[in-house]
Structure formats: C-alpha cells, structure tokens
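Chain and residue survey
Letter by letter, the chains look like this.
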Amino acid sequence: MTRTSWTRRSLAALAACVLVSCAAAGCGTGGPDGGTAAPSPVGKVLDGTDGGGRHLREVAEEDAPEVGVEVTPESGGWMVRLTFRRFRCSAPGAGPSATPGRGLAHLFVDGRRVARLRAHEYHLPGRLVPHGTHHVTARLYADDGTAWAVRGKPVQSTADITVSDAEADAPGPSAGTGTPPPAT
C-alpha cells in the first residue's frame, strides 16, 4: 500500500466524522446557532396573543380542534364537562411541541385561569364562583404553550353561570352551557 492511498483514506474518514458530528450538533438547521428558526410542525405561529401573553397557533378551520363547555351545579361547586372535536388531551409530561389536534385545555373564570386540564371533567370549587354571573371559558392549547386559533381568534367555548345568594353556599338548579362542537 502506498503512502498516498493511506493518507487519502484517512482524510476521507476524518471528513466523514466531521460531517456526522456537525449534523448531530444541528449545524445549519436553524435555532440559536444556525440563524433562522426551524419551521413549525403544524399551523403558523402568529404575533398576536390570547390575552394571557401566549402566542396564537393559526390552523385552517377545517383542521382546527373544537371545544364545548357545560357547567352544572354539584355539591360544593360546579361540574365542568368539556367536549372535544378533532382534539385529544396529551398525557402529562408530553414533550413541548405542537402536534395536530393534541394538547390541553385551560379553564378560566371571568378571564382568570383556574386550572389546566388533561381530562374531560373538572370540579370547579364554589369559592371560585361567588354570587353573581360568571363566564367559564375553556381554551385549547398545544403542548408547546401556543393557543390553537382560527382566523386570529383562540379556539375556546364559554358558558355563563349565575349564582344566587342561596347557591353561593349550596348550588341549586341554575347552570350554564357553552356552545358544544357539532357532533361527529
């Protein structure tokens, strides 16, 4: 074997190792060291936010998830039931990425977040809904923290409930229902 062929093979192997190392480190793929951000896996992240500071993730209406909310009185508070269309709750500990139709719901009472939900039902304590009329809103989020949106508006549903003086201590028959998603 000649010295030239050994040198060429060594240089070729060294070049291959450098290329593999560079690819594993993410060279040229975007992000903090690569200049431009990698494209979003689904939808388009908008500059606008949901009012709570979370960016909106715009998806086409025909692909968008939907949520419906129903609130009924129960002992010590209210039962909130969510119905979903084209949406499934992710398991706790899901990775921080947007996956079509996956994520979690945030529950708001009068614009204040009271719970993050990965289930269809939630007991809303009576102390969070004192005497008066209240807006109970369920809004859908991707696992990366962006709010699912259609035409620049968050995907959400709101039910109004009215609590009388007697209901503040023990809920009665008054209940609210948001607009449920169409049946599939």
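If you're wondering where the values come from, they're calculated on a predicted model, not measured in any experiment.

**Section: the overall build of the protein**
From N to C terminus, the protein includes two helices and 13 strands. Burial analysis of the protein (184 residues in total) assigns 34% to the buried set. Contacts in the protein between residues at least 24 apart in sequence constitute 60% of all its contacts with a sequence separation of at least 6. Entry remark: accessible area of the protein is about 10,800 Å², with carbon and sulfur atoms responsible for 55%.

**Notes on the pairing of strand β12 (residues 156-163)**
Residues of β12 alternate between two faces, with S157, A159, I161 and V163 buried on one and Q156, T158, D160 and T162 left unburied on the opposite face. Two strands pair when backbone bridges link them, and strand β9 (residues 132-141) and β12 are joined in this way by eight bridges, in the antiparallel orientation. Its bridge partner being in β12, A138 is matched across the sheet by S157.

**Considering the side chain of T137**
By the secondary structure assignment, T137 is in strand β9. A distance of 2.8 Å separates polar atoms of two side chains, one belonging to T137 and the other to T158. Beyond its immediate stretch of four places on either side in the chain, T137 contacts H106, L107, F108, Q156, S157 and T158.

**Considering unusual backbone geometry**
A negative phi angle is the norm for most residues apart from glycine, just as the trans form is the norm for most peptide bonds. Positive phi, normally seen in glycine, also occurs at R86, with a value near 55 degrees. With respect to the element layout, R86 can be found in the loop between β4 (77-85) and β5 (88-89). For R86, a relative accessible area of 33% corresponds to the partly exposed category. Positive phi is not limited to glycine here, since R151 has a value of about 50 degrees. Considering the arrangement of structural elements, one finds R151 in the loop between β10 (147-150) and β11 (153-154). Assessed through its relative accessible area of 63%, R151 is described here as exposed.

**Regarding the pattern of salt bridges**
Where charged atoms from two side chains of opposite charge come close, those side chains can pair. All told, the structure shown has seven salt bridges when counted by the stated rule. The closest approach of N and O atoms between R139 and D50, which form a salt bridge, is 3.3 Å. Taken together, the positions of R139 in strand β9 and D50 in the loop between β1 (44-49) and β2 (55-58) put the pair 89 residues apart, joining distant regions of the chain. Each member of the pair, R139 as well as D50, carries the same accessibility label: buried. Ionic pairing is found between E66 and R86, a salt bridge with its closest N-O pair at 2.9 Å. Remark: R86 occurs in the loop between β4 and β5 and E66 occurs in strand β3 (residues 66-74); sequence separation between them is 20 residues. Ionic contacts of the salt-bridge type, sharing partners, join the residues E66, R85 and R86 into one network.

**Observations regarding the packing of aromatic side chains**
Here a ring pair, both rings aromatic, is described through the centre-centre distance and the interplanar angle of the planes. Counted under the stated rule, the structure contains one aromatic pair. An angle of 55 degrees between the planes, with centres 5.0 Å apart, marks the rings of F84 and F87 as tilted. The exposure classification of F84 matches that of F87, with both residues buried. Over the ring of Y141 we find R54; its NZ or CZ atom is 5.7 Å from the centre of that ring.

Parameters and conventions
- Residues numbered from 1 in each chain as written.
- Predicted model: local features only at pLDDT ≥ 70, side-chain atom pairs only at ≥ 80, totals over all residues.
- Heavy atoms only, no water.
- Helix = DSSP H or I, 4+ residues; strand = E, 2+ residues; numbered from the N terminus.
- Buried < 20%, exposed > 50% of the residue type's maximum accessible area, 1.4 Å probe, protein only.
- Contact = heavy atoms within 4.5 Å.
- Areas by Shrake-Rupley, 256 points an atom, 1.4 Å probe, with all protein chains shown as cover.
- Pairing = 2+ DSSP bridges.
- Polar contact = N/O pair within 3.5 Å; in protein donor to acceptor, adjacent residues only side chain to side chain.
- Salt bridge = Lys/Arg side-chain N within 4 Å of Asp/Glu carboxyl O.
- Phe/Tyr/Trp six-rings, centres within 6.5 Å; stacked < 30°, edge-to-face > 60°.
- Lys NZ or Arg CZ within 6 Å of the ring centre and 35° of its normal.

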